[in-house]
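Inside the fold
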Amino acid sequence: MKGNQSPHIQVSNLRVQLDQHEILHGIDLALQRGEFVSLVGRSGSGKSTLLHALVGFIPSQGQVQTPQDMGIVFQNYAVFPWLTVRGNIALGLHGAKHPNQEIVDNHLELVGLASEAHKYPSQLSGGQTQRVALARALAPNPEVILMDEPFGALDMYTRGKMQTWLLDVWEKNQKTVLFVTHNIEEAMFLSDRVVVLGDGSVMGEHQVLFDRPRLESIKFTAEFIEQKKQILESIEPAYNS
Amino acid sequence: MKRLSKGSLSILQGGFTIVFILVIWEIVSRVGIVPKPLFPPPTRVFGAWIEMARSGELLRDIQASLWRALIGFCLGSVIAIFVGLLTGRIKLFSNYLSPLIQLLRPLPPVAIIPLVIVWFGIGEVSKIFSISFAVFFPVWINTHVGVRDIPKTFLWSAHTLKIRGLAILWKVIFPAALPFIVAGLRTGISIAFIMVFVSELAGASSGIGYQIYSSQLAYRMDRMIAALVLLGLFGALADIGLLAIIRLVFPWLKLSGQK
C-alpha cells in the first residue's frame with residue numbers, strides 16, 4: 001500500500017532563485033515509495049528546475065528529503081559517446097562487491113539492447129539511446145529515478161513505443177519515479193498521479209486511476225479523454241498567465 | 001568493367017593532379033620559360049634526392065627533423081593538455097594562468113627564437129623548446145575551451161553515478177573534451193613542422209630546414225626544392241598518422257563524425 005508509508009520524497013516550501021529571479025515559489029510535494037508521479041506544465045514553469053533542485057544540482061531553500069541514491073535521465077540523453085552501450089551501463093557500478101558484468105547483462109536484457117552492447121551511442125537510434133540512458137540510471141539500483149522530459153526529442157511513434165516500454169520496465173522494478181513532461185497524455189498514461197506546475201508553484205494534482213498494466217489503447221477510451229480534458233482545463237490558467 | 005570504390009577513385013583523382021602538375025613543371029622548366037637553374041625540373045629534384053640518399057644526408061636530415069618535431073610536439077601537447085584541463089576546470093587556475101597565457105599567445109613563436117638561442121644555446125634544447133612553445137598555445141586553448149564547455153548534463157550524470165575526484169577527470173572530462181583537444185593537436189602538428197624548419201635555420205648542422213638553408217647558400221635549387229617537398233610530405237604524413245592513431249585509440253571519435 002503506497003499511501004500508508006512515510007513519503008519517499010518530501011519537499012516542503014522549496015524555493016529556487018537563479019540570477020536574482022525566483023523560479024520556484026515554495027513547492028510542496030510528496031512521493032510515496034514505488035509511486036510514478038508526473039510533473040506537467042508549460043515551458044518555463046519550473047519543472048526541470050524542481051528536478052535539478054531535488055538532486056542538488058542547483059542551490060535551493062526549504063526542506064528537501066530524498067534518498068541518497070537517485071538516478072536521472074535527461075531529454076538530451078547525456079549518454080557518454082566515448083563509451084559503448086555496455087560501458088555506459090557499467091559506469092556507475094564501482095563497488096567490488098557487485099557482480100558488475102551480471103548486473104550489466106541483466107540491464108542490457110531489461111532494455112532489450114543485449115545485441116547492441118558493443119555499439120557506440122552514435123550507432124543507435126534516439127529511442128535506443130534513451131533506453132541506454134535509463135539502463136545506466138537503473139544499473140546502480142537507485143531508490144528513485146528522475147526523468148527530465150526523456151522522450152521529448154523522439155518522434156510520436158517512437159515516443160508511444162517508449163512509453164509502453166517504460167511502463168513495462170517500471171512494473172518489473174517498481175522504483176519511485178518523478179517524470180517531467182509537457183505532454184499531458186503521456187503523463188496520464190504513465191503515472192499514478194499528475195502534478196500540475198504553473199509559474200513556479202503547484203497548481204493542482206490529479207490521481208490517475210486506470211488499472212495496471214496499461215495498454216496504449218486506454219488513450220482512446222472515453223474515461224481517458226475525459227480526464228485529459230479535466231487536467232487541460234485545470235492547467236489552462238497557467239498557460240494563460 | 002570493375003567499378004572503382006569511392007576511396008580508390010579519390011586517390012586516383014588526387015594522384016592525377018600531382019602527376020599533371022609534375023608534367024607541366026617539367027615542361028616549363030625544360031622549355032626554358034623560366035631560368036632552369038632557378039626552377040629545376042622534377043627529374044632534377046628527384047636526382048637530388050638520390051644524391052642526398054647516397055651521401056647519407058637524406059636519412060640524417062629526416063631523422064633529425066622528425067625527432068625534433070616529435071619531441072617538441074609531444075612535450076608542448078602534454079603540458080598544454082595538462083594546463084588546459086586545470087584552467088578549463090578550476091576557476092582559480094584560470095584566473096591566475098589565463099591572462100598570462102593570453103598575453104603570450106599572440107607572440108609569433110618565430111620571434112622568440114633569438115631569445116631562446118641566447119638562453120639555451122644553439123643545441124637541441126633551444127630547438128625543442130621553440131617547437132614546444134609554439135605547439136602549446138593551440139593545444140591549450142582548445143583543451144581549455146573543450147573542458148570549460150562540457151555539457152552540464154554529462155557532469156550531472158557523472159555526479160548521480162557517483163563518479164568523483166580524479167575518476168571524473170579521466171572518465172568524463174577528458175573524453176568529453178577530446179574532440180576539441182584533437183582539433184588543437186592537428187593545428188599543433190602543423191605548427192611543429194613550421195617551427196622545425198625555422199629553428200633549423202639558425203645553429204643547426206642537420207635537419208630538413210638546415211638542408212634548405214645550406215642548399216640556398218650553395219645555390220642548389222634542386223636540393224632546396226627536394227628538401228621543401230620532403231618537409232611538406234612529412235607534415236602531411238604526420239597529420240595523417242596522428243589521425244590514424246587517434247581513430248585507433250578512440251574509435252568513437254571517428255564514429256561521431258570527427259574528421
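**As for the nonpolar core**
- If you look at the biggest cluster of nonpolar residues, it comprises 97 residues, and the most contacted ones within it are Leu50, Leu146 and Leu178 of chain A.
- No other element matches the 17 residues that helix α8 (residues 165-199) of chain B contributes to this core.
- Aside from chain neighbours lying at most four places away, what touches leucine 178 of chain A is Leu29, Leu31, Val37, Leu39, Leu51, Leu54, Ile145, Leu146 and Met147 of chain A.
- Among the nonpolar cores identified, the runner-up in size contains 47 residues, and Tyr77, Leu108, Phe151 and Ile218 of chain A belong to it.

**With respect to the packing of helix α3 (residues 57-89) of chain B against helix α4 (residues 91-104) of chain B**
Residue and element names in this part refer to chain B.
- At a minimum axis distance of 6 Å, the contact between α3 and α4 shows a crossing angle of 120°. Our classification of the angle between α3 and α4 gives oblique. Considering only the axes of α3 and α4, their crossing is left-handed. Taking contact as the criterion, the partners of Val83, Leu86, Thr87 and Arg89 in α3 are, on α4, Lys91, Phe93, Ser94, Leu97, Ser98 and Ile101.
- Tallied by class, the residues present in the contact of α3 with α4 amount to five nonpolar, three polar and two charged.

**Concerning the domain arrangement of chain B**
All names here are of chain B.
- For chain B, the assigned domains are domain 1 (1-37) and domain 2 (40-249).
- Just the C-alpha atoms count here: the centres of domain 1 and domain 2 sit 31 Å apart.
- The interface of domain 1 with domain 2 comprises seven residues on the first partner and seven residues on the second.
- Surface buried jointly by domain 1 and domain 2 totals about 650 Å² across both partners, of which 62% is contributed by carbon and sulfur atoms.
- Considering only the surface of domain 1 that becomes buried against domain 2, Trp25, Glu26 and Pro37 emerge as the three largest contributors, covering 64% of it.
- Taken together, the links from domain 1 to domain 2 amount to zero salt bridges.
- Joining domain 1 to domain 2, the criterion identifies three residue pairs in polar contact (both at pLDDT 80 or more).

**Observations concerning the domain arrangement of chain A**
Residue and element names in this part refer to chain A.
- Domain annotation of chain A identifies domain 1 (34-59 + 143-241) and domain 2 (79-142).
- One C-alpha centre belongs to domain 1, the other to domain 2; they are set 24 Å apart.
- With 15 residues of domain 1 at the interface, the matching set in domain 2 holds 11 residues.
- Carbon and sulfur atoms supply 73% of the area buried between domain 1 and domain 2, which totals about 1100 Å² over both sides.
- Counting across the domain 1 and domain 2 interface gives zero salt bridges.
- At the junction of domain 1 and domain 2, the tally comes to three residue pairs in polar contact (both at pLDDT 80 or more).
- If you list the elements that add at least two residues to the side of domain 1 that touches domain 2, you get β6 (144-148) and α5 (156-173).
- With seven residues, α5 is the largest single contributor of residues to the side of domain 1 that touches domain 2.
- Among the residues forming the side of domain 1 that touches domain 2, the class breakdown is 10 nonpolar, two polar and three charged.

**A look at the pattern of salt bridges**
- Going through the model one piece at a time under the given rule, you end up with 24 salt bridges over all chains.
- Between arginine 42 of chain A and aspartate 199 of chain A there is a salt bridge, with the nearest N and O atoms lying 3.8 Å from each other. One end of the pair, arginine 42 of chain A, is in the loop between β3 (36-40) and α1 (47-55); the other, aspartate 199 of chain A, is in the loop between β8 (193-198) and β9 (201-207), with 157 residues separating them in the sequence.
- A salt bridge links arginine 186 of chain B to aspartate 239 of chain B, with the shortest nitrogen-to-oxygen separation between them at 2.9 Å. Of the two residues, arginine 186 of chain B sits in helix α8 while aspartate 239 of chain B sits in helix α10 (residues 221-249), which places them 53 residues apart along the sequence.
- A network of salt bridges, in which partner residues are shared, links Arg44, Glu51, Glu57, Arg220, Asp222 and Arg223 of chain B.

**Brief notes about the layout of surface pockets**
All names here are of chain B.
- In this structure, the largest pocket occupies an estimated 420 Å³ of space.
- Considering the residues around the largest pocket, the lining is formed by 21 residues, among which Phe73, Cys74, Ile189, Leu242 and Ile245 are closest to the centre.
- Here the lining of the largest pocket gets eight residues from one element, more than from any other, and that element is α8.
- When its residues are assigned to classes, the lining of the largest pocket shows 21 nonpolar, no polar and no charged.

**Remarks on empty space enclosed by the protein**
Residues and elements named next belong to chain A.
- Under the criterion given, the structure shown has four cavities of 30 Å³ or more.
- A volume near 50 Å³ is recorded for the largest cavity.
- Lining the largest cavity, in full, are Leu134, Leu138, Ile145, Met147, Leu166, Val169, Trp170, Asn173, Lys175 and Val177.
- Put simply, the parts of the chain that give the lining of the largest cavity at least two residues each are α4 (126-138), β6 and α5.
- Here the lining of the largest cavity gets four residues from one element, more than from any other, and that element is α5.
- Considering only residue class, the lining of the largest cavity consists of eight nonpolar, one polar and one charged.

**Remarks on the packing of α3 of chain B against α10 of chain B**
All names here are of chain B.
- At a minimum axis separation of 12 Å, α3 and α10 run at an interaxial angle of 40°. With respect to their mutual orientation, α3 and α10 come out oblique. The crossing of α3 and α10 is right-handed. Here Glu57, Leu58, Ile62, Leu66 and Phe73 of α3 lie close against α10, whose contacting residues are Arg223, Leu230, Phe234 and Leu242.

Quick notes on the rules
- Residues numbered from 1 in each chain as written.
- Chains lettered and ligands numbered in written order.
- Predicted model: local features only at pLDDT ≥ 70, side-chain atom pairs only at ≥ 80, totals over all residues.
- Heavy atoms only, no water.
- Core = buried A, V, L, I, M, F, W, Y, C linked by side-chain atoms within 4.5 Å.
- Buried < 20%, exposed > 50% of the residue type's maximum accessible area, 1.4 Å probe, protein only.
- Helix = DSSP H or I, 4+ residues; strand = E, 2+ residues; numbered from the N terminus.
- Contact = heavy atoms within 4.5 Å.
- Axes fitted to C-alpha atoms, helices over the stretch in contact; angles between N-to-C directions.
- Parallel < 35°, antiparallel > 145°, perpendicular 65-115°, else oblique.
- Left-handed = near helix turned anticlockwise from the far one by under 90°.
- Nonpolar A, V, L, I, M, F, W, Y, C, P; charged D, E, K, R; others polar.
- Domains from an automatic or database assignment.
- Buried area = accessible area lost by both parts, 1.4 Å probe.
- Salt bridge = Lys/Arg side-chain N within 4 Å of Asp/Glu carboxyl O.
- Polar contact = N/O pair within 3.5 Å; in protein donor to acceptor, adjacent residues only side chain to side chain.
- 1 Å grid on protein atoms, 1.4 Å probe; cavity = no way out; pocket = protein on both sides within 12 Å on 5 of 7 lines; lining within 4 Å.
- Points joined across faces, edges and corners; volume = space filled by probe spheres on them.

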